[in-house]
Every structure is written in C-alpha cells, then in structure tokens.
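# Fold and geometry: a report
Given next are the chains, with one letter for each unit.
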Amino acid sequence: MSIIKYSPASSQTDCRGIPPRSSGSRGHLQPVIAICLLLSSLLNGCTRPDQVEKVKSEGVLHVATRVGPLTYYETDDGPAGFEYELAVRFAEYLGVEPRIRVTQGVPELYDVITQGFTDIAATGLSQQAARSLHPEFRFGPVYKQFQPLVLYRRGTARPKNIADLLGKSVLVPARTAQIDYLMNMQASDYPQLLWEERDTLDPADILSLIDARAHDFAIMNSYEYGIHSAMFPEVNKAFELMDPLDVSWVFPSGEDDSLLQAANSFFGEIEQNGTLALLRDRYFGHIDQLDYVNAAVFQRDAKERLSRFLDFFLAASAKHDLDWRLLAAMGYQESHWRPYARSPTGVRGLMMLTLTTAKEVGIKNRLDPESSVRGAAVYLRGLHQRFNDDIVEPDRTWLALAAYNVGIGHVRDAQEITRQQGDDPNKWINVMKYLPLLQNKEWYEKTRYGKARGWEPVHYVQNIRRFYDVLAWLDDTGRLHDIISPEASETLKAFAATGQVEPDSAAGSTPLQATHGDDISSTAGAAPVRRVLLEQVSGGFILAM
C-alpha cells in the first residue's frame, strides 16, 4: 500500500502518479500503442474491459481522501481513520492493493475526483454537499448519517432557532450542505442572515474559536462535535440546524458503474458480517461517554492531580510496553487519580487494586501511588497476554480492561455466550453485548464462573476509551503542557525525546495531600516515593482512536 500526499503539482499526473509525456516522445510510442490496442481487440473480441477489470488488471485501487478525524490521520502505528479502514477493506475485497491519495482540503479533493485521478473518494462529506457542487458525481450506498448542529459557548445566550443567529458571528465550514441550507434560508425568510465560511480550519480549530468567544456560534456535524466535545466542555449544542445528511463514497462521472456495483456488494457484505458495526464502534462507539460535567472535572483533575503521578505512568509504560495514556485513563476511571481512594468492596489506591491482585503482582503497599501504578501495569500486561494471539487490537486491549475490572473468568464466560449466540467472541463489540447477561440467573447458572455485575465492565471500558481519547488529544496537540505543572511538562518532554525520566524528576514530588474521599491509614506513605530510570520505549500496543 502506498500513500500519496496531494500537492498542486500532483494535479498534473494521472491516477497512477505518472506525469503526461512530452509531445516529443509521442511519435515513438504511437506504433507500440497501436499494436497493443490491436492485440487487445483481437483477444477480447473488441469489448473494452470495465472499471473493475481495469482495477484488477492494474492490481491497484486508487482512493482519494482528506486529513480529518473521521477520514484519515497518521498514528505511531501507521495510518488510521474510519474512511481509510473502509477503503483498505474494499481493496482487499477486490483482491488489489490500495493506493491512498491524501488531499489537504475539500477543493483539492473535488479536483482529484473531477479530473478522474481516483477510482473512488472516501470523503466523509455529505452526498448533498458534493452533489450541489458537482451534480455529475455518482454516489455509493449510504453507510453513515450525521446531524448538522449549531454550537454555542456556555455562559452566553443559547440560540433556539435560526432567527437567533441574526446579527451574530456564525462560523461555518465551506463547501458543505449547511451553506446551501443557510443560503436558502437567507433567500426565503432571513435576508439579514450572515455567516463566515472557513475552508482551512479543522473541527478543533473551530471549537477553540467558540471557546475563546472569537465567534458567537458555529455549525458542525454531530460526529465531529462528538469526537471533540470532551476537549472543549464549555462548547455545547444549541439546536439541530436541519435534517440529517447522508454520507457515502463519491465516484467520478461516467457510464461504467461496475465499480459502483462492486461497492454496493461490499457494503452489503460488511453490513451483514458485522465489520461495519465493528468499525463504527471502534471510531464512534464511545464518544458519548463524557458529558459536560465530567469533561470539565476531568480537565480540572488533569491540572491538579495528573502532574503528581505522571512519571509513574511513564515509567510503567516503558517497562511494560503499554501506552502511558491508557494507564492514566485507567487511573482516572478507578480513583480520579486519588492515591488513598477506597471502595466498599476493599479495593484501594490510585489503581484500586484488590488485596489478592496486589499479592499476585508483588505489591505490599497499595496506597503507595508508584507501587499501585506499577502493579496495575503488571496485572494488565498479564491479562493482555492471556488472551489468544488471534484477537487483534484494539479488541484485545478492551477485553483485557474488562478482565481487569470483572475478572478474566467472567470475560471468558461472556465470550462463550457470545460464541453460542453465533457472534465472534474475539470482538469487543460482541462481547460487551453479552456481558450484562451474567447478571441473569438463566444465563450465569450455565457458566463456569457464575454471576457477575456484567454492566460494570462495559461502562468501565467505554469510559476508559473516552478518557484515553481526551488524554491522547491533549498530548498529541501539545495542549497537555498547558494544563499540567511546569515540572511535569518538562518530564513529559524529556520522555518524548529520550524515553527516560531523570531520577531527580520534579514530577510527582508534590507532597501528597488527602482529598475528599481519601482513606489515610497508618500505612499511607510508608513506602518512600521511588524514582525509576526508564528503559527505552519500544512502543505501546494501543491504537489511537
């Protein structure tokens, strides 16, 4: 598979990235081309191959997409994105290699489609927007819908309808169906309606402008808002602007619909076998897990508490080949980063280890935060390794997290129920559906490990996924450095550069103070806070969502 980054110069190439030949060479090629065409006509009975045959003959499916959280982005593990994964699977369905052409914006993307430099375009944009600008385009089956929303900042007057947008600063992404809708409203009922179109801002940029009160309102689709809403808890949905919009692949104009029909069959197959539901869950299944209150509290706690324990998460990350942000997300779900936390069931500490688990991983003092994080990392890594190797990521991690919460025996029981019901037990999206059955007598009496509070691991995993998303976004964008303490920021920078935390790191050295809900016993703080010289990071196993 190859990735081509689009640039204006690349518009002078065909869909294979080959520049047109100069006129001086054309005369030498014409006899060869004529002979090839003659042989092709004789062999094929003068019938021209359809588009699917051409794709298979070349062995390459050309796909155009754009950078975005719903389409294509790059992670430490390679390219990712909902549209990207769909396109790769379609190429596999055809038995060819995908060649991804990544554009930097909608105008370039439409230019590539118009000039026929791609077989399909996985845009993540609505059919309505593409059809309005290019009625000659063709469209595959609808596999997703999104709702255009009007957003505002909390603490300002909440608009209730379009009339409330009059005289206000409204930010709208350019070349979208929302623009057409606003133009129709302006022409019919609201001639004073004005807005500002932006073509180069990503969703995070738009939300940051609303958060900073640089604009009164913004219009954004529900998926993009859902993905970023936890990062901007003060920006909220005001009302739904219009009817939901349809999303599908875009095909260049033409009479040959063989590739379009193949795409229809492909989507029918992945809808039936559960692949489409799996991808939807992977990218969108957990985006509603963090409401306004929790999102605001999470960022506050990151500022006040994460700094104290950051180097412990970094150390455990490197030593046990885990993503530090996953461990930190677990710590927040378990105790809100409170080192003396205690539950009624007896689990204690920053990572809420049971007494049995602490003994199993060699931890003597569960209230020592460094020991608690280290023990949790050892235990999680062990659970991860106990699942079958044929369980791919990120499902293997989600199952390991569920086992951390409810016990691996109960997760295996849920996997067995999943298998009995005809679903794939190696997919988290399936297992999470059957875990709650372990609360019902008619089900748990038939299992090996008996009754369990099956809803708890489901909520546990989904919450951690969302906390992880927020931490990863803050880390990747550099905004985490503005939240945590200067000392912790320097520690994180050093870790990113060298994979090490110096023994005299100031991160985590703040004296531990009891907070509401903490339990301070005579053993609290008995073990000295240790500094760990980190091993070189070899990379985690978590896929960025």
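See the structure printed just above.
Please read these numbers as outputs of a predicted model, since none were measured by experiment.

### Brief notes about the overall build of the protein chain
- Per the secondary structure count, the protein chain includes 21 helices and 15 strands.
- Taken over 545 residues, the protein chain has a buried fraction of 53%.
- A sequence separation of at least 24 residues applies to 73% of the contacts in the protein chain between residues at least 6 apart.
- Put simply, the protein chain shows about 24,900 Å² of open surface, and 49% of that area lies on carbon and sulfur atoms.

### Some points on the sheet that holds strand β10 (residues 170-173)
- The sheet built from 5 strands is open, its strands ordered β11-β10-β12-β9-β13 with mixed pairing. The open sheet has two edge strands with one neighbour each: β11 (196-198) and β13 (235-240). When the angles between neighbouring strand axes are averaged without regard to direction, this sheet yields 35°.
- As paired strands, strand β9 (residues 148-153) and β13 are joined by 5 bridges and run antiparallel to one another. If you follow Val150 over to β13, its bridge partner there is Phe239.
- Across the sheet, helix α6 (residues 177-188) is in contact with β9, β10, β11 and β12 (217-221); its angle to β10 comes to roughly 130°.
- Those strands touched by helix α7 (residues 203-211) are β9, β10, β11, β12 and β13, and its axis lies near 155° from that of β12.

### Some remarks on the nonpolar core
- Phe313, Trp337 and Tyr404 are the most contacted members of the largest nonpolar core, which has 84 residues in total.
- The dominant element in this core, judged by the number of residues it contributes, is helix α19 (residues 455-476), at 11 residues.
- Counting 72 residues, the second largest nonpolar core, distinct from the first, contains Val88, Ala121, Leu259 and Ile270.

### Regarding helix α3 (residues 82-94)
- Taking 1.5 Å of rise per residue, 13 residues should cover 18 Å, and α3 covers 19 Å from first to last C-alpha, within 8% of that figure.
- Those residues of α3 that fall on the buried side of the exposure criterion are Phe82, Glu83, Tyr84, Glu85, Leu86, Ala87, Val88, Phe90, Ala91 and Leu94.
- Gly95 occupies a position one or two residues after α3 and carries a positive phi of about 80°.

### Some thoughts on the packing of aromatic side chains
- Evaluation of the coordinates by the stated rule reveals 18 aromatic pairs.
- Taken together, the ring pairs in this structure connect Phe82, Phe90, Tyr93, Tyr143, Trp249, Phe266 and Phe267 into an aromatic cluster.
- Positioned above the aromatic ring of Phe387, the side-chain terminus of Arg412 is 5.3 Å from the ring centre.
- A cation over a ring is seen here: Lys446 above Trp443, with NZ or CZ 5.8 Å from the ring centre.

### Digging into helix α12 (residues 324-335)
- Look at α12: 16 Å from first C-alpha to last across 12 residues, which is about the 16 Å you get at 1.5 Å a residue.
- Among the 12 residues that make up α12, 11 are buried, leaving the element largely enclosed by the rest of the structure.
- The set of residues buried in α12 consists of Trp324, Arg325, Leu326, Leu327, Ala328, Ala329, Met330, Gly331, Tyr332, Glu334 and Ser335.
- For α12, the N-terminal capping position is held by Asp323, with its side-chain oxygen 2.8 Å away from the main-chain nitrogen of Arg325.
- Phi turns positive one or two residues past the end of α12, at His336, with a value near 55°.

### A few points about the side chain of Ser208
- By secondary structure assignment, the location of Ser208 is in helix α7.
- At 2.6 Å, the side chain of Ser208 forms a polar contact with the backbone oxygen of Asp205.
- Non-local contacts of Ser208, meaning those with residues more than four positions away in its chain, are made with Phe232 and Arg479.

### Overview of unusual backbone geometry
- Following Glu393, the chain continues into Pro394 via a peptide bond in cis, with omega recorded as 5°.
- One non-glycine residue, His336, adopts positive backbone phi at about 55°.
- Relative to the assigned elements, His336 resides in the loop between α12 and α13 (355-360).
- Given a relative accessible area of 32%, His336 falls into the partly exposed group.

### Structural notes on the pairing of β9
- Along β9, 6 of the 6 residues are buried, which leaves the element largely enclosed by surrounding structure.
- Covered by surrounding structure in β9 are Pro148, Val150 and Tyr152 together with Leu149, Leu151 and Arg153, the residues of both alternating faces.
- Direction of pairing for β9 relative to β12: antiparallel, over a ladder of 5 bridges. Of the residues in β12, the one forming a bridge with Leu151 is Ala218.

### A word on the pattern of salt bridges
- Scanning the entire structure with this criterion turns up 18 salt bridges.
- Asp323 is the salt-bridge partner of Arg325, the closest N and O atoms lying 3.1 Å from each other. For the residue pair Arg325 and Asp323, the accessibility class agrees, reading buried in each case.
- One connected set of salt bridges, linked through shared partners, spans Asp323, Arg325, Asp475 and Asp476.

### Structural notes on the environment of Tyr404
- Counting through the fold element by element, Tyr404 comes out in helix α15 (residues 395-406).
- For Tyr404 and Gly382, which are 22 residues apart along the polypeptide, the C-alpha to C-alpha distance reads 9.9 Å.
- The residues contacting Tyr404, other than those within four sequence positions of it, are Met330, Glu334, Met351, Leu353, Ala376, Tyr379, Leu380, Leu383 and Tyr460.

### Topic: the packing of helix α14 (residues 369-386) against α15
- Look at α14 against α15: their axes get within 9 Å of each other, and the N-to-C directions meet at 125°. For the element pair α14 / α15, the angle class is oblique. As α14 runs across α15, the sense of the crossing is right-handed. Contact residues: Ala376, Tyr379, Leu380, Leu383, His384 and Gln385 in α14; Arg396, Thr397, Ala400, Leu401, Ala403 and Tyr404 in α15.
- When its residues are assigned to classes, the contact of α14 with α15 shows 8 nonpolar, 3 polar and 1 charged.

### With respect to the packing of α12 against α15
- Two elements in contact, α12 and α15, have axes whose closest approach is 13 Å; the angle formed by their N-to-C orientations is 35°. At the point where α12 passes α15, the crossing takes the right-handed sense. Contacts from Leu326, Met330 and Glu334 in α12 reach Thr397, Leu401 and Tyr404 in α15.
- Looking at the contact of α12 with α15 residue by residue, the classes come out as 4 nonpolar, 1 polar and 1 charged.

### Structural notes on the environment of Asp119
- Tracing the backbone shows Asp119 in the loop between α4 (106-114) and β6 (120-121).
- Taking the C-alpha atoms as reference, Asp119 lies 6.6 Å from Leu61; in sequence the two are 58 residues apart.
- A polar atom in the side chain of Asp119 sits 2.8 Å from the backbone nitrogen of His62.

Reading guide: rules and limits
- Residues numbered from 1 in each chain as written.
- Predicted model: local features only at pLDDT ≥ 70, side-chain atom pairs only at ≥ 80, totals over all residues.
- Heavy atoms only, no water.
- Helix = DSSP H or I, 4+ residues; strand = E, 2+ residues; numbered from the N terminus.
- Buried < 20%, exposed > 50% of the residue type's maximum accessible area, 1.4 Å probe, protein only.
- Contact = heavy atoms within 4.5 Å.
- Areas by Shrake-Rupley, 256 points an atom, 1.4 Å probe, with all protein chains shown as cover.
- Pairing = 2+ DSSP bridges.
- Axes fitted to C-alpha atoms, helices over the stretch in contact; angles between N-to-C directions.
- Core = buried A, V, L, I, M, F, W, Y, C linked by side-chain atoms within 4.5 Å.
- Expected span 1.5 Å × (residues − 1).
- Phe/Tyr/Trp six-rings, centres within 6.5 Å; stacked < 30°, edge-to-face > 60°.
- Lys NZ or Arg CZ within 6 Å of the ring centre and 35° of its normal.
- Polar contact = N/O pair within 3.5 Å; in protein donor to acceptor, adjacent residues only side chain to side chain.
- Salt bridge = Lys/Arg side-chain N within 4 Å of Asp/Glu carboxyl O.
- Parallel < 35°, antiparallel > 145°, perpendicular 65-115°, else oblique.
- Left-handed = near helix turned anticlockwise from the far one by under 90°.
- Nonpolar A, V, L, I, M, F, W, Y, C, P; charged D, E, K, R; others polar.

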